[in-house]
Number of protein chains: 4
Amino acid sequence: SSSSKILIKGGTVVNAHHQVVADVYIEDGIIVAVRPNIRQVDVDAVVLDAAGKFVMPGGIDPHTHLGFEFMGTKSVDDFSTGQAAALAGGTTMNIDFIIPIDGSLSAGYKAYEEKTKDSVMDYGFHVAVTKWDEDVSREMDIMVKEKGINSFKFFMAHKGVLMLDDEQLLEGIKKCKSLGALAMVHAENGDAVVEGQKRMIELGITGPEGHDLSRPALLEAEATGRAIRLASFVNTPLYVVHVMSSDAMEEIAKARQSGQKVVGEVLVSGLVLNNSGLWDPDFTIAAKYVMSPPIRAAGHDKALQAALSTGVLQLVGTDHCGFNSTQKAFGIDDFRKIPNGLNGIEERMHLVWHTMVESGQMSPTDYVRATSTECAKIFNIYPRKGAILAGSDADLIILNPNSSFKITAKSHHTKSDTNAFEGMTGKGKVEVTIAGGRIVWANGELRAVPGSGKFIKMPPFGYLFRGIDKADANYLSASRAPVKRFTSSA
Amino acid sequence: SSSSKILIKGGTVVNAHHQVVADVYIEDGIIVAVRPNIRQVDVDAVVLDAAGKFVMPGGIDPHTHLGFEFMGTKSVDDFSTGQAAALAGGTTMNIDFIIPIDGSLSAGYKAYEEKTKDSVMDYGFHVAVTKWDEDVSREMDIMVKEKGINSFKFFMAHKGVLMLDDEQLLEGIKKCKSLGALAMVHAENGDAVVEGQKRMIELGITGPEGHDLSRPALLEAEATGRAIRLASFVNTPLYVVHVMSSDAMEEIAKARQSGQKVVGEVLVSGLVLNNSGLWDPDFTIAAKYVMSPPIRAAGHDKALQAALSTGVLQLVGTDHCGFNSTQKAFGIDDFRKIPNGLNGIEERMHLVWHTMVESGQMSPTDYVRATSTECAKIFNIYPRKGAILAGSDADLIILNPNSSFKITAKSHHTKSDTNAFEGMTGKGKVEVTIAGGRIVWANGELRAVPGSGKFIKMPPFGYLFRGIDKADANYLSASRAPVKRFTSSA
Amino acid sequence: SSSSKILIKGGTVVNAHHQVVADVYIEDGIIVAVRPNIRQVDVDAVVLDAAGKFVMPGGIDPHTHLGFEFMGTKSVDDFSTGQAAALAGGTTMNIDFIIPIDGSLSAGYKAYEEKTKDSVMDYGFHVAVTKWDEDVSREMDIMVKEKGINSFKFFMAHKGVLMLDDEQLLEGIKKCKSLGALAMVHAENGDAVVEGQKRMIELGITGPEGHDLSRPALLEAEATGRAIRLASFVNTPLYVVHVMSSDAMEEIAKARQSGQKVVGEVLVSGLVLNNSGLWDPDFTIAAKYVMSPPIRAAGHDKALQAALSTGVLQLVGTDHCGFNSTQKAFGIDDFRKIPNGLNGIEERMHLVWHTMVESGQMSPTDYVRATSTECAKIFNIYPRKGAILAGSDADLIILNPNSSFKITAKSHHTKSDTNAFEGMTGKGKVEVTIAGGRIVWANGELRAVPGSGKFIKMPPFGYLFRGIDKADANYLSASRAPVKRFTSSA
Amino acid sequence: SSSSKILIKGGTVVNAHHQVVADVYIEDGIIVAVRPNIRQVDVDAVVLDAAGKFVMPGGIDPHTHLGFEFMGTKSVDDFSTGQAAALAGGTTMNIDFIIPIDGSLSAGYKAYEEKTKDSVMDYGFHVAVTKWDEDVSREMDIMVKEKGINSFKFFMAHKGVLMLDDEQLLEGIKKCKSLGALAMVHAENGDAVVEGQKRMIELGITGPEGHDLSRPALLEAEATGRAIRLASFVNTPLYVVHVMSSDAMEEIAKARQSGQKVVGEVLVSGLVLNNSGLWDPDFTIAAKYVMSPPIRAAGHDKALQAALSTGVLQLVGTDHCGFNSTQKAFGIDDFRKIPNGLNGIEERMHLVWHTMVESGQMSPTDYVRATSTECAKIFNIYPRKGAILAGSDADLIILNPNSSFKITAKSHHTKSDTNAFEGMTGKGKVEVTIAGGRIVWANGELRAVPGSGKFIKMPPFGYLFRGIDKADANYLSASRAPVKRFTSSA
Ligand SMILES: [Zn+2]
Ligand SMILES: [Zn+2]
Ligand SMILES: [Zn+2]
Ligand SMILES: [Zn+2]
Ligand SMILES: [Zn+2]
Ligand SMILES: [Zn+2]
Ligand SMILES: [Zn+2]
Ligand SMILES: [Zn+2]
């Protein structure tokens, strides 16, 4: 078909490790060649002119919740609609979180397999671990060895629903290490959050601002620091999802400075929003900003941008989990009942470009690293994903740095009736998205193909695991233990 | 009697706030006058010449365990012998920890009342809280309102025996705040300690070095940071007992920099020892250093000294809890069974003087602050204790900066058959100790009087609580909550 | 006379080390007694009822510029009028900076002696060192040994006028150490400031906002860190005047954590203002905020408050240096010509009480420490000053915590036609000021007596110098140098 | 010739962005293909079996001093011998520092052109700026625009010889920014170093240990912090050469955390040595460790390793500057006269592999980044250098991770009669070095070809400069200046 051969001419091809003006030739979903002056051999090939534009790997969103059943309702975007929106925004792969059913990973896996039937782009899975016993431990084996999973997420909050205590968390982290799977944490002190929520209700603070006040940044910093120390104690890499505060970021920075392998994921909401919206007198507006950890006061955004720009934080996700106003209204009398989550899968690539590259804080290569490549590397699917190299999957975008974008619920492709980034504008527009070798977004038109998205298996022992065995052995031999002993009388 | 009137002539009288050459006159256990040139009116008065020497408040040890039943045995020094040793070392008051019996504070209180029958110097109590329920909460009221207790200690380690989880800890801290009592924590991550211990045993590391390796400084730093954040969340002062690592100290420093009221207690063992002893091939020697948190690697000692010198850490205790070699030998095949604890109540004043004042790191006034005054202030018994002022209790010492001391189990007054500071020497010798107006130590002779020690009631709402109500009110009014709301349609 | 005997009844007497309800009896300018229930013996004694009020040491302002000739003009308050304003605000002593004349300290000293003829309260001097040669070095000897000076200030900014380079600064710091005098620094990178100013002018930014933009906080942090390291290298205490940024504060905190003796002085302007005023469209308003280092962006104020509350910063000054609008207008076309300085000597005690004590961040004892006692101790005039003790000078205030104050140029006592704190209100009013045993402020009436103020000699080797010789000796002996050597062939 | 075609079979080809098992085909000095299963077409091609080995980009040493005239003598290795040694150790390019002659950059350039006549591998140049005037500024233009220079180094130490003051440094940094050239600093406080040296001599400490004691880490940290702030003030990237202390590293970490573009270069000596050697009783041994900044106490090495492992520091150089024992002996009576410098160009690749990769701290890809790729990127010659990609220069090595190395002056190829790393052994041996497409090191045999090394021009505006113009513009527009003003009367 016409979509099977594409020649992109004259763009600046940006990989995380290098940018260069070159042509890109695609055939049957694979990038075949990247070099200057590729001649068009096949007349059927679609030719795209990218002169003056950036040709970059399609975005990979490491953190989404499509079709997520949570807090008594279900996020509005399923894999089909959410991914379609992603494509319109330049993202060509997402990694979603499988939530166990009654603690069962397998049951959760099955349910998520079902959800992805109509996928319109490639995807992978993390698996959440929400209780701990021998069965769960065995299922983790299965997930890694049979199902293409290489990361597990542990909740340090959402007490009584998803949260593990430290003993369980430690067991989970150890198991991850043994499997070569990456341990991920949602880092907030769940006990204190419950206490904070009670306090707000007692004070008569029942609106969305109570959400913010009940779980301040110090509770995120605490749990982040705790997870980091536990991972250090086990000596295995750690991935901290949704770093929302400079306080948590500083814990990561400190650990990295001391040589620990900690990955920090920032969200687009954390980068470009602040908590003022939660004080909006209109509940509909205020409620749309409710997510956990909360979007923080102004200042945290700048600090997170700075940390991202120099690699203290590594990548940008969205925690995309849209709800409609009617769903958000479940919590009109009690912020604890407002479904947590907001959109971003469609907006991420634009907002990161504008905020980080247009502002001069990052280069295009940095941008590719933070929005795509680093994610592919961490989850061990590079260079199939996250690169524009011969042999890579043909997931890529053409971004025009001189075009503008505007975000509004009226025109967005996600299904929610509001948009957390309503009214934001900026420079740098994704004009073309190619996923799986097909042009799925061009001229403002979406051509997503239900069922075309593939599950991408992610093998264990990714790059973060290199050297761990040697480090363990070195530690032990340096410990000069056990000591040979005698016993004198005192 | 001859002991009821004492005139100390010509010494440098050191209070935490000022030092001056002056005479001190004592009558019936009370300091009556502090000024130059006090004339001797009563011929019965004992006159002590202190020219060229320092006259200072007797030491107050904020952290002791006399007659402590722990790990299946009992610490060798009871109140009588332990306090006698204290007097010989210039300490005239200790604050011990009441350990509940089956979780009951009252039962624990009663048992400790019994233990103190033969006290030879004044003492006070902290009360440990080792489980959480309504009864415990009610007993805390009684302790504060009726029993003269103003501090409670929570264990974040010693899992299954003493440890509370975060929910319980939070409840305890809240209760403390409401009572004006100081929350204290033993800060180590107890879950991880258990894991670390198992790991050592599995590796065949069963000796005292396994104690160190199983609970590294990062687990102390973690729990310290966690307790600090929880106390901040509740907005109440926190007292961290036995800060043993620079990592934990840095958590305290960071909190204090941001305006939080956190008190850090360092131990004399933390100041002057390092972990090398735990690797000694002689089990008897290695075992005597086993305490928790462990004495850390060289470098931590210097960092703790520095922090103490500038008030980043506030006071010095001992965690005095002596065991004999035969008791330590319970753990000859498993370090987990070595009773935790070492001596210090007799050595503290000398070692702190030598390490901090003789080294030039602290002045005599700083020394008095760190060994006596700050403790008296924190536990709200200043200026009755911790000061040489007219009206204060006559607990004081005469220290000769030009005399030397040497520490050895042969000559010490505590009952253990070893001494953790064996062989240490230094300058600055406590030549006279006066407790309750009596000369109890002079010319190397101890004249302790069993039963002469009094229980010192410590009233709640000490100085650390000043302003907390105002800060709470300001926080709330600054939060601009609750917001008055309407709801638009999306 | 009626003023020679005063009995203050029933107040809460606050010293830095203790607060207690007591009476205070004063005779001939000296505090004679502090104890409960002093009976009025002399019928001539004025009796003041202080029930429900705080009786505290009069404020000592460590940093003023009265009658200062600077930038081609002279600050509007001389010693007489500036000190009168101080008394109306509860400050009973100031320490001013002698500025050398053509680099000569003696000439400067003489000029300042003249300026103080009509002093209405006690005062002391720091001496600035604005060039370096053998003469200056010799004059420093004279200042310390004959003139009652124990501190010298070095400028790291004001290039070409006051600034020293690092070599000179090092010489100055070394000389200070040898004299037992405290080295003080104005810490900004003067070279970079000049560069920043040029840049602003080139950009057409000539207004007061250019003052802020030309010398950002990082230049203050840089110089603060540099001075700290140089003082550490010499091993002598350092006093950093006017810490205006959290960045500079963090340098101090870091040094103190590592055991270095660094004192940080915060200004009342730094505590309660932010830089928004410099953007005011009215030049008259904007210009009044011009001082160096600049008042920083919001956020720095809170950070400085927090650091002050826990003793990371030690005391509060004003840098009082008022100019009239007509003087400020010298720089209407060029912010570099706006005389630097603003008021505060009258407002400090009220604003610190309101901001720190009323907010719950500090206790009254902390307040006394930060506004009076610590200054007296640092400059070695405690307990003559900075304390309400028998024998201390009768400089004290009665503050009513339930009264309110309002600041406005209309009613203030300083001579400037504007007030940097215009319109500010708060709780906690100084109702009575007693200086030198005389009631100089009561019922809103000022009774300052020209010529009654005395110069207070400040002896060298204050408390910060204790232990330095021992530390030096220890350092050397620990260095294991010189090494005895032989030389092999390679 | 036989050397023009080389086929490397079956190795693990490691680039900084990816490692993969592949063959590498080289023709005429260029890498032609990198892919699995390259068939040997040309029978003349040399085939190398790399199975089980790593094929990596040749090392690039960013910091050498070949043929350096310094301290009255000349470093023993010239470009020919030093580079030959480099090849034997797996380094295929070095960037040396042109030192001006009488301040003239052009004169220096000419002299260095001469020195490189017999180069045996490719090289580039940084240019030192050792005075400041209009001529120097103009010469910087020429260097960048005509001579292939894109970096300039400023000395903050070596007072009176190489050192600039802050005003000059600022001018230099500004000039660098305008040219798109990278500013580099030798960061030590030169004024304080002179003071420290005098102090040592006065104390009779004239041996090598005096070198260490005279310039402690705090002086390095100070200057590092200062340079960072000045670069931030100018908003241009900064490269800190030879970061030797954790203190300096922390300054870099802090800056990077706040988003500043600071590059930290660590030396192999800083990574693997400590200062104990300077206390060796044998002058010949002690003197060989004298370099500036000094090698620090144990602990700094571990901290620098940790920072390197996570990218807080970016790359590893050597500061190779060998002197013979007879030259070192110039300072037998005065450490100030010991020529500063030690070897490393030959040892770097081995020692970094052993210390960082064998220890488990870094992966092979990290290793390539830190020893080669990052340098090539920073100096804007990537992917010609620093990569094994089709089109890159054929500079590469084959490292056998199972072979061992041993370092000793007896067998090394550099010309000095001692080796700072004498006796060190480790795993990971460079078995083959290919430079410019020629096998120059194999089977322990060196086949360097004098004159075969080419000067590599380095264009300005490398990747660190991306976004700076946008950041500048954003800063200005965010400053809301100039303000439009009116003037009220006060
Ligand atoms: Zn989450
Ligand atoms: Zn999520
Ligand atoms: Zn404990
Ligand atoms: Zn204890
Ligand atoms: Zn100043
Ligand atoms: Zn000033
Ligand atoms: Zn250098
Ligand atoms: Zn060099």
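The following paragraphs examine the structure supplied in this document. What you see is a predicted model; the values in this text were computed from it and never measured. (Residues numbered from 1 in each chain as written. Chains lettered and ligands numbered in written order. Predicted model: local features only at pLDDT ≥ 70, side-chain atom pairs only at ≥ 80, totals over all residues. Heavy atoms only, no water.)

## Notes on the coordination of the zinc ion (ligand 8)
All names here are of chain D.
- Around the zinc ion (ligand 8), the protein contributes the donor atoms His-63 (NE2), His-65 (NE2) and Asp-319 (OD), at 2.0 to 2.2 Å from the metal centre.
- Between consecutive donors of the zinc ion (ligand 8), the numbers of intervening residues give the motif H-x1-H-x253-D.
- The class for Asp-319 is buried, based on a relative accessible area of 10%. (Donors = N, O, S within 2.8 Å, 3.2 Å for Na, K, Ca; no water. Buried < 20%, exposed > 50% of the residue type's maximum accessible area, 1.4 Å probe, protein only.)

## Brief notes about the interface of chain C and chain D
- Contact residues are listed per partner, giving 59 residues for chain C and 59 residues for chain D.
- Here chain C packs against chain D, burying approximately 4,700 Å² in sum over the two surfaces, 56% of which is carbon and sulfur.
- On the surface where chain C and chain D come into contact, there are 12 salt bridges.
- Broken down by secondary-structure element, the contributors of at least two residues to the side of chain C that touches chain D are helix 4 (166-179), helix 5 (190-202), helix 6 (208-214), helix 7 (217-234), helix 8 (246-257), helix 10 (283-288) and helix 15 (468-478) of chain C.
- Classifying every residue of the side of chain C that touches chain D gives 26 nonpolar, 12 polar and 21 charged. (Contact = heavy atoms within 4.5 Å. Buried area = accessible area lost by both parts, 1.4 Å probe. Salt bridge = Lys/Arg side-chain N within 4 Å of Asp/Glu carboxyl O. Helix = DSSP H or I, 4+ residues; strand = E, 2+ residues; numbered from the N terminus. Nonpolar A, V, L, I, M, F, W, Y, C, P; charged D, E, K, R; others polar.)

## Details of a nonpolar patch on the surface
- Together, Leu-203 of chain A together with Tyr-475 and Leu-476 of chain B make up a nonpolar patch on the protein surface, roughly 260 Å² of accessible area in all.
- Along the chain, Leu-476 of chain B falls in helix 15 (residues 468-478). (Patch = residues over 30% accessible without salt bridge, like charges linked within 9 Å, V, L, I, M, F, W, Y side chains within 5 Å. Areas by Shrake-Rupley, 256 points an atom, 1.4 Å probe, with all protein chains shown as cover.)

## Focus: the pattern of salt bridges
- Enumeration over the complete set of coordinates arrives at 124 salt bridges over all chains.
- The residue Asp-122 of chain C makes a salt bridge to Lys-454 of chain C at a minimum N-O spacing of 3.4 Å. Here Lys-454 of chain C lies in the loop between strand 19 (445-446) and helix 15 and Asp-122 of chain C lies in strand 10 (residues 122-129), a separation of 332 residues in the sequence.
- Taking the relative accessible area as the measure of exposure, Lys-454 of chain C reaches 38% and is therefore partly exposed.
- Between Arg-336 of chain D and Asp-334 of chain D there is a salt bridge, with the nearest N and O atoms lying 2.9 Å from each other.
- Through salt bridges that share partners, Asp-122, Arg-384, Lys-385, Asp-393, Asp-395 and Lys-454 of chain A make up one connected network.

## Some words on the coordination of the zinc ion (ligand 7)
All names here are of chain D.
- For the zinc ion (ligand 7), every protein donor is listed as His-186 (ND1) and His-242 (NE2), and the spread of their distances is 2.0 to 2.1 Å.
- A separation of 3.7 Å is found between the zinc ion (ligand 7) and the zinc ion (ligand 8). You can see His-186 sitting in strand 12 (residues 182-186) and its partner His-242 sitting in the loop between strand 13 (238-240) and helix 8 (246-257), a full 56 residues away along the chain. Each member of the pair, His-186 together with His-242, is buried.

## Examining a negative patch on the surface
- On the surface, Asp-247 and Glu-250 of chain B together with Asp-247 and Glu-250 of chain D cluster together to form a negatively charged patch.
- Those elements that place two or more of their residues in the negative patch are helix 8 (246-257) of chain B together with helix 8 of chain D.
- Within the secondary structure, Asp-247 of chain D sits in helix 8. (Lys, Arg positive; Asp, Glu negative; His and termini not counted. Charge placed at Lys NZ, Arg CZ, Asp CG, Glu CD.)

## Remarks on unusual backbone geometry
- The step from Ala-481 of chain C to Pro-482 of chain C runs through a cis peptide bond, and the omega angle for that step is 0 degrees.
- With respect to the secondary-structure elements, Pro-482 of chain C resides in the segment after helix 15.
- Residue Pro-383 of chain D is bonded to the preceding Tyr-382 of chain D through a cis peptide linkage, with omega at 5 degrees.
- Note on placement: Pro-383 of chain D falls in the loop between helix 14 (364-378) and strand 16 (396-406).

## Concerning the relation of the copies chain C and chain D
- Mapping chain C onto chain D calls for a screw motion: a turn of 180 degrees about the axis and a shift of 0.0 Å along it, with 0.0 Å RMSD after fitting. Expressed as a symmetry operation, the mapping of one chain copy onto the other fits a two-fold axis.
- A share of 100% of interface residues in chain C that are also interface residues in chain D marks the association as one of identical surfaces. (Least-squares fit on C-alpha atoms with pLDDT ≥ 70 in both.)

## Overview of the arrangement of the chains
- Nothing in chain A touches chain C, and the closest approach of their C-alpha atoms is 10 Å.
- The two units chain B and chain D never meet; even their closest C-alpha atoms stay 10 Å apart.

## Regarding the sheet that holds strand 6 (residues 59-64) of chain D
Residue and element names in this part refer to chain D.
- The 8 strands are arranged 6-9-10-11-12-13-14-15 in an open sheet whose pairing can be described as parallel. Strand pairing shows two members of the sheet lacking a second neighbour, strand 6 and strand 15 (315-317), which therefore form its edges. The mean inter-strand angle of the sheet, taken between neighbouring strand axes irrespective of direction, is 30 degrees.
- In the sheet, strand 6 pairs with strand 9 (residues 91-98) via 4 bridges, with the strands oriented parallel. Following the sheet pairing, Ile-60 is matched in strand 9 by Met-93.
- Each of strand 9, strand 10 (122-129) and strand 11 (151-155) touches helix 2 (residues 105-115); the most contacted strand, strand 9, lies at about 145 degrees to it. (Pairing = 2+ DSSP bridges. Axes fitted to C-alpha atoms, helices over the stretch in contact; angles between N-to-C directions.)

## Here's the deal with the packing of aromatic side chains
- Under the counting rule described, the total for this entry stands at 49 aromatic pairs over all chains.
- On the numbers, 4.8 Å between centres and 10 degrees between planes, the contact of Phe-68 of chain D with Phe-70 of chain D is stacked.
- Taking the relative accessible area as the measure of exposure, Phe-68 of chain D reaches 6% and is therefore buried.
- Look at Phe-70 of chain D and you get buried, because its relative accessible area is 12%.
- Among the aromatic residues, ring-to-ring pairing joins Phe-79, Tyr-109, Tyr-112, Tyr-123, Phe-125 and Phe-455 of chain A into one connected group.
- The ring of Phe-97 of chain A has Lys-153 of chain A lying over it, and the distance from NZ or CZ to the ring centre is 4.1 Å.
- Above the plane of the ring of Phe-233 of chain A lies Arg-199 of chain B, whose end atom (NZ or CZ) is 4.3 Å from the centre. (Phe/Tyr/Trp six-rings, centres within 6.5 Å; stacked < 30°, edge-to-face > 60°. Lys NZ or Arg CZ within 6 Å of the ring centre and 35° of its normal.)

## A few points about helix 14 of chain D
Residue and element names in this part refer to chain D.
- Given a rise of 1.5 Å per residue, 15 residues ought to cover 21 Å, and the 20 Å separating the end C-alpha atoms of helix 14 matches this to within 8%.
- Ala-370 marks the point of greatest bend in helix 14, at about 50 degrees.
- Most of helix 14 sits inside the fold, with 14 of its 15 residues counted as buried.
- Two residues or fewer after helix 14 comes Asn-380, characterised by a positive phi angle close to 70 degrees. (Expected span 1.5 Å × (residues − 1). Bend = angle between axes of the 7 residues up to and from the residue.)

## Structural notes on the relation of the copies chain B and chain A
- The transformation that overlays chain B on chain A combines an axial shift of 0.0 Å with a rotation of 180 degrees, and the residual RMSD is 0.0 Å.
- A high fraction, 100%, of the interface residues of chain B reappear at the interface in chain A, so the copies pair face to face through one surface.

## With respect to the sheet that holds strand 11 (residues 151-155) of chain A
Residues and elements named next belong to chain A.
- Spatial ordering of the open sheet is given by 6-9-10-11-12-13-14-15, a layout of 8 strands whose pairing is parallel. Of all strands in the sheet, those bounded by a partner on one side alone are strand 6 (59-64) and strand 15 (315-317). Neighbour-to-neighbour, the strand axes of the sheet open up by a mean angle of 30 degrees, direction not taken into account.
- Pairing of strand 9 (residues 91-98) with strand 10 (residues 122-129) involves 6 bridges; the strand directions are parallel. Of the residues in strand 10, the one forming a bridge with Asp-96 is Phe-125.
- Running over the sheet, helix 13 (residues 348-358) touches strand 6, strand 9 and strand 15 and is turned about 110 degrees from strand 6.

## Digging into the interface of chain B and chain A
- Counting residues at the interface gives 59 residues for chain B and 59 residues for chain A.
- Carbon and sulfur atoms make up 56% of the surface buried where chain B meets chain A, a total of about 4,700 Å² over both sides.
- Ranking the residues of chain B by area buried against chain A places Arg-229, Phe-233 and Arg-485 of chain B at the top, with a combined share of 16%.
- Connecting chain B to chain A are 12 salt bridges.
- The shortest N-O distance in the salt bridge between Lys-174 of chain A and Glu-195 of chain B comes to 2.9 Å.
- When contributions to the side of chain B that touches chain A are tallied by element, the ones reaching two or more residues are helix 4 (166-179), helix 5 (190-202), helix 6 (208-214), helix 7 (217-234), helix 8, helix 10 (283-288) and helix 15 of chain B.
- Sort the elements by how many residues they give to the side of chain B that touches chain A and helix 7 of chain B lands first, with 10 residues.

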